[in-house]
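Below are the chains, spelled out letter by letter.
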Amino acid sequence: QVPLVESGGGLVQPGGSLNLSCAVSFSFGGHAMKWYRQAPGTEREWIATSAGDIAGNSAIYADSVRGRFTISRDYAANKLYLLMNNVKQEDTGTYYCNAINYYNTKQQYWGQGTQVIVAS
């Protein structure tokens, strides 16, 4: 079973919204859950972290998305989300879900990515 599967990407106009999902196949209460993105020709960049219950439920964002994107968890649905509001052309890229086990940081998972294109 694939540990992480992203979905929800697509074409969106500047100023619009998109809600990305990451289906998690394991119990992820003890994991830091993160979103990364990679634009064509660039390195993968971190954009948001959900620390989870074990670390005070804090959410941390990169400056480029703070105030526009919201990361959240749904334990009942076993999913991680990234709500993207007021998107900009520079948000275009492939978005990846990442999980790191707090108790064993060598245990790390990546999804296959979902593509987001912001264009008018």
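Residues numbered from 1 in each chain as written. Predicted model: local features only at pLDDT ≥ 70, side-chain atom pairs only at ≥ 80, totals over all residues. Heavy atoms only, no water.

> Would you mind showing me how to read the overall build of the protein here?
Helix and strand counts for the protein stand at zero helices and eleven strands. Along its sequence from the N terminus, the protein presents helices and strands in the succession β-β-β-β-β-β-β-β-β-β-β. Dimensions of the protein, computed from C-alpha atoms along their principal axes, come out at roughly 45 × 30 × 25 Å. When each of the 120 residues of the protein is scored for burial, the buried share is 42%. A separation threshold of at least 6 residues defines the contact pool for the protein, and within that pool the share at least 24 residues apart is 55%. If you sum the accessible surface of the protein, you get close to 6,100 Å²; carbon and sulfur atoms cover 49% of it. (Helix = DSSP H or I, 4+ residues; strand = E, 2+ residues; numbered from the N terminus. Buried < 20%, exposed > 50% of the residue type's maximum accessible area, 1.4 Å probe, protein only. Contact = heavy atoms within 4.5 Å. Areas by Shrake-Rupley, 256 points an atom, 1.4 Å probe, with all protein chains shown as cover.)

> Can you walk me through the nonpolar core in this structure?
One broad rule of soluble globular proteins: the nonpolar side chains tend to lie buried together. Ranked by internal contacts, the top residues of the largest apolar core, which has 25 residues, are Trp-35, Leu-82, Met-84 and Tyr-95. Secondary structure elements with two or more residues in this core: strand 3 (18–24), strand 4 (31–38), strand 5 (45–50), strand 7 (69–74), strand 8 (79–84), strand 9 (93–101) and strand 11 (114–118). If one sorts the elements of this core by residue count, strand 3 sits on top with four residues. Not counting residues up to four positions away in its chain, the partners in contact with Tyr-95 are Glu-6, Leu-20, Trp-35, Tyr-36, Arg-37, Ile-47, Phe-69, Leu-82, Met-84, Gly-113, Thr-114 and Val-116. (Core = buried A, V, L, I, M, F, W, Y, C linked by side-chain atoms within 4.5 Å.)

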